[in-house]
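What follows is each chain in one-letter form.
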Amino acid sequence: SSFFHKPELALRRAQELESIHQHAPALTLLHDVLSSRRHKTWSPTYEQIMTLYLDLCLKLGKSREAKDGLHQYRNLSQTQAPASL
């Protein structure tokens, strides 16, 4: 999957994919952003990413991916934005 330099751009692209019912590619894109070592500074965009990510996991029945995404989000936000959890 293509790599986005900013989480905001990845979120926008995932929303575009979801709007045309491309749920699996959107989920893959968001998972790549959450697990990327490049973006380790929390921002409010990550809350939006996580909301869409979990919504896609529910639509696709991907419980393992949901759990992994939650772990990634916890690791990202627990020191910088614990209230987000």
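Definitions and limits used
- Residues numbered from 1 in each chain as written.
- Predicted model: local features only at pLDDT ≥ 70, side-chain atom pairs only at ≥ 80, totals over all residues.
- Heavy atoms only, no water.
- Helix = DSSP H or I, 4+ residues; strand = E, 2+ residues; numbered from the N terminus.
- Rg over C-alpha atoms; globule rule 2.2 N^0.38 Å.
- Buried < 20%, exposed > 50% of the residue type's maximum accessible area, 1.4 Å probe, protein only.
- Contact = heavy atoms within 4.5 Å.
- Areas by Shrake-Rupley, 256 points an atom, 1.4 Å probe, with all protein chains shown as cover.
- Lys, Arg positive; Asp, Glu negative; His and termini not counted.
- Charge placed at Lys NZ, Arg CZ, Asp CG, Glu CD.
- Axes fitted to C-alpha atoms, helices over the stretch in contact; angles between N-to-C directions.
- Parallel < 35°, antiparallel > 145°, perpendicular 65-115°, else oblique.
- Left-handed = near helix turned anticlockwise from the far one by under 90°.
- Nonpolar A, V, L, I, M, F, W, Y, C, P; charged D, E, K, R; others polar.
- Expected span 1.5 Å × (residues − 1).
- Arc of directions from axis to C-beta.

**Q** Even after reading the chapter, I still don't get the overall build of the protein chain, so can you show me in this structure?
**A** Broken down by element type, the protein chain carries four helices and zero strands. The order of α-helices and β-strands along the protein chain, N terminus first, is α-α-α-α. Computed over the C-alpha atoms, the radius of gyration of the protein chain is 12 Å, within 12% of the 12 Å expected from 2.2 N^0.38 for a compact globule of 85 residues. For the protein chain, the spread of C-alpha atoms along the three principal axes comes to 35 × 25 × 20 Å. Taken over 85 residues, the protein chain has a buried fraction of 40%. Look at the contacts in the protein chain between residues 6 or more apart in sequence, and 59% of them connect residues 24 or more apart. In the structure as shown, the protein chain presents an accessible area of about 5,200 Å², 53% of it carried by carbon and sulfur atoms. Distance between charge centroids for the protein chain: 5 Å, based on 11 positive and 8 negative side chains.

**Q** Which parts of the structure should I look at to understand the packing of helix H1 (residues 7-19) against helix H2 (residues 23-35)?
**A** A packed helix pair is summarised by two numbers, namely the angle formed by the two axes and the spacing between the axes. With their axes 8 Å apart at the nearest point, H1 and H2 run at an angle of 165 degrees to one another. Classified by the angle their axes make, H1 and H2 are roughly antiparallel. For the pair H1 and H2, the crossing hand works out as left-handed. Contacts between H1 and H2 involve Pro 7, Ala 10, Leu 11, Arg 13, Ala 14, Leu 17 and Glu 18 on the former and, on the latter, His 23, Pro 25, Ala 26, Leu 29, Leu 30 and Val 33. Of the residues assigned to the contact of H1 with H2, the class counts are ten nonpolar, one polar and two charged.

**Q** Please clarify how helix H3 (residues 45-60) should be interpreted in this entry.
**A** One turn of the α-helix equals 3.6 residues, which is why residues spaced by three or four share an orientation. Compared with the 22 Å implied by 1.5 Å per residue over 16 residues, the 22 Å span of H3 between its first and last C-alpha is a close match. Taken together, the buried positions of H3 are occupied by Thr 45, Tyr 46, Ile 49, Met 50, Leu 52, Tyr 53, Leu 56 and Cys 57. Those residues of H3 that are buried lie in contact with H1, H2 and helix H4 (63-77). Just past H3, the residue Gly 61 takes up positive phi, approximately 65 degrees.

**Q** Help me out: how do you make sense of the environment of Thr 79 in this one?
**A** Assignment of secondary structure puts Thr 79 in the segment after H4. Along the backbone, Thr 79 and Trp 42 are 37 residues apart, and their C-alpha atoms lie at a distance of 9.2 Å.

**Q** Help me understand H2 in this model?
**A** For H2, with 13 residues, the first-to-last C-alpha span of 18 Å sits near the 18 Å given by 1.5 Å per residue. Of all the residues in H2, the buried ones are His 23, Ala 26, Leu 27, Leu 29, Leu 30, Val 33 and Leu 34. Take H2 and look down its axis: the buried residues cluster within an arc of 160 degrees, on one side only. Looking at the buried residues of H2, the elements they touch are H1, H3 and H4.

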